[in-house]
Amino acid sequence: MNILIMGAAGSGKGTMSKKIVELYDVPHISTGNMFRDAMRAETPLGLQAKKYIDKGLLVPDDITIAMIQERLNQPDCQKGYLLDGYPRTLVQAVAFEDIAKKIGKPVQIVLNLSVELDALIHRVIDRRMCENCKAIFNLEYLPPKVENTCDYCGSTLVHRSDDTLDQLVVRLKEHVFLTKPVLDYYGYKGLVKYVDATKNIDLVWLDVKAALEKVQ
Ligand code: AMP
């Protein structure tokens, strides 16, 4: 299955992605996680990405496209993919047409998770993430069993450096101006499935699962 998952910061892309890869045998490719791992390892890519991510801005297209092209050419993507957070601009979407064609894996469905602004703010500010297995928690409605510790792998949880109110405002602006046109692009192709992601996780998952079952 070849899936894109889209939505504003805090819409639950990471949480739904974890569930999708448990059910479908496809690699979860999150450009945000790839950048954060590179930042942690202080690679040249990470140092470059940090300049943008810490301001809430998108990493430039040429850097992002090169990274995703390399990743999609790895053998595990022959099974398909779950792309989380890519493409986020029209330039990235057009470049992806070419990448997907070359590996013979065209996009089959674009899941768009939509959440009201109020809920997004709480989700992002109170979000904590496992650096190791990338599980997502929320101090208010999905707290870890042991403070600051991942329920799944026991690693320490972190508060993402871009999960602040100031950065969220910038990220949401970028989302409206740069990423909404990407949704329109896939909308014209009839590939977008809108999911109301304001509901609780189990209900959102039911909708996501139903949408994916229709594709198969
Ligand atoms: P995410 O984890 O998807 O919320 O991404 C975190 C940050 O990584 C974003 O706010 C951007 O700065 C950067 N990023 C992730 N994916 C992309 C992308 N496709 N294009 C440009 N920047 C990205």
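For the structure, check the block above.
Residues numbered from 1 in each chain as written. Predicted model: local features only at pLDDT ≥ 70, side-chain atom pairs only at ≥ 80, totals over all residues. Heavy atoms only, no water.

Whenever I open this one, the overall build of the chain confuses me. Can you help?
Helix and strand counts for the chain come out as 8 helices and 8 strands. The principal-axis extents of the C-alpha atoms in the chain amount to approximately 45 × 40 × 35 Å. Burial status across the chain gives 48% buried among its 216 residues. Across the chain, the fraction of contacts at a sequence separation of at least 24, relative to all contacts at a separation of at least 6, is 72%. Carbon together with sulfur atoms contributes 54% to the accessible area of the chain, which is approximately 10,900 Å² in total. Positive and negative charge centroids in the chain, built from 28 and 28 side chains respectively, lie 3 Å apart. (Helix = DSSP H or I, 4+ residues; strand = E, 2+ residues; numbered from the N terminus. Buried < 20%, exposed > 50% of the residue type's maximum accessible area, 1.4 Å probe, protein only. Contact = heavy atoms within 4.5 Å. Areas by Shrake-Rupley, 256 points an atom, 1.4 Å probe, with all protein chains shown as cover. Lys, Arg positive; Asp, Glu negative; His and termini not counted. Charge placed at Lys NZ, Arg CZ, Asp CG, Glu CD.)

Sorry, what's going on with helix 4 (residues 61–72) here?
The α-helix advances 3.6 residues per turn, and as a result positions three or four apart in sequence lie on the same side. Here helix 4 is 12 residues long and its end C-alpha atoms lie 16 Å apart, about the 16 Å a rise of 1.5 Å per residue gives. All of the buried residues along helix 4 are I63, T64, I65, M67, I68, R71 and L72. (Expected span 1.5 Å × (residues − 1).)

It is not clear to me how the site of the ligand should be interpreted in this structure. Could you clarify?
What surrounds the ligand is a group of 16 residues, the closest being T31, R36, L57, G85 and Q92. Within the side chain of R160, a nitrogen or oxygen atom sits 3.2 Å from an oxygen atom of the ligand. In isolation the ligand offers 490 Å² of accessible surface; the protein chains occlude 97% of this area. Of the residues assigned to the shell around the ligand, the class counts are 6 nonpolar, 5 polar and 5 charged. (Near = heavy atom within 4 Å. Polar contact = N/O pair within 3.5 Å; in protein donor to acceptor, adjacent residues only side chain to side chain. Nonpolar A, V, L, I, M, F, W, Y, C, P; charged D, E, K, R; others polar.)

Would you take a moment to explain the environment of Q69 for this structure?
Assignment of secondary structure puts Q69 in helix 4. Here Q69 falls in the partly exposed class, since its relative accessible area comes to 34%.

Could you clarify how one ought to interpret the sheet that holds strand 7 (residues 157–158) in this entry?
Sheet strands pair via backbone hydrogen bonds, and the direction of the pair is either parallel or antiparallel. Read from one edge to the other, the open sheet built from 3 strands follows the order 6-5-7, with strand pairing classed as antiparallel. The sheet is open, and its two borders are formed by strand 6 (136–138) and strand 7, each paired with just one other strand. Bridge count for strand 5 (residues 127–130) against strand 6 is 3 bridges, and the pairing is antiparallel. Bridge pairing in strand 6 links M129 to I136. (Pairing = 2+ DSSP bridges.)

It is not clear to me how unusual backbone geometry should be interpreted in this structure. Could you clarify?
Outside of glycine, negative phi angles account for most residues, and trans bonds account for most peptide bonds. Here the bond from Y86 into P87 is cis, since omega is -5°, no more than 30 degrees from zero. Within the secondary structure layout, P87 lies in the loop between strand 3 (81–84) and helix 5 (90–102). For K134, which is not glycine, the phi torsion reads 70° and is therefore positive. Mapped onto the secondary structure, K134 falls in the loop between strand 5 and strand 6. Residues other than glycine seldom take positive phi values, yet N148 does so here, at roughly 65°. Mapping N148 onto the fold places it in the loop between strand 6 and strand 7. Of the residues examined, N148 reaches a relative accessible area of 42% and is grouped as partly exposed.

Would you take a moment to explain helix 2 (residues 31–40) for this structure?
The element helix 2 is extensively covered by neighbouring structure, given that 7 of its 10 residues are classed as buried. Among the residues of helix 2, T31, G32, N33, F35, R36, A38 and M39 are the ones counted as buried. In the core, the buried residues of helix 2 are packed alongside strand 2 (28–30), helix 3 (44–53), helix 4, strand 3 and strand 5.

I keep staring at the pairing of strand 5 and nothing clicks. Help me out?
Moving residue by residue along a regular strand, the side chains alternate between the two faces of the sheet. Taking every second residue as pointing to the same face, both faces of strand 5 are buried, with R127 and M129 on one and R128 and C130 on the other. Between strand 5 and strand 6, which pair antiparallel in sequence order, lie 5 residues; one of them, K134, sits at a positive phi of approximately 70°. For strand 5 and strand 7, the ladder comprises 2 bridges, and the chain directions are antiparallel. Within the sheet, the bridge partner assigned to C130 lies in strand 7 and is L157.

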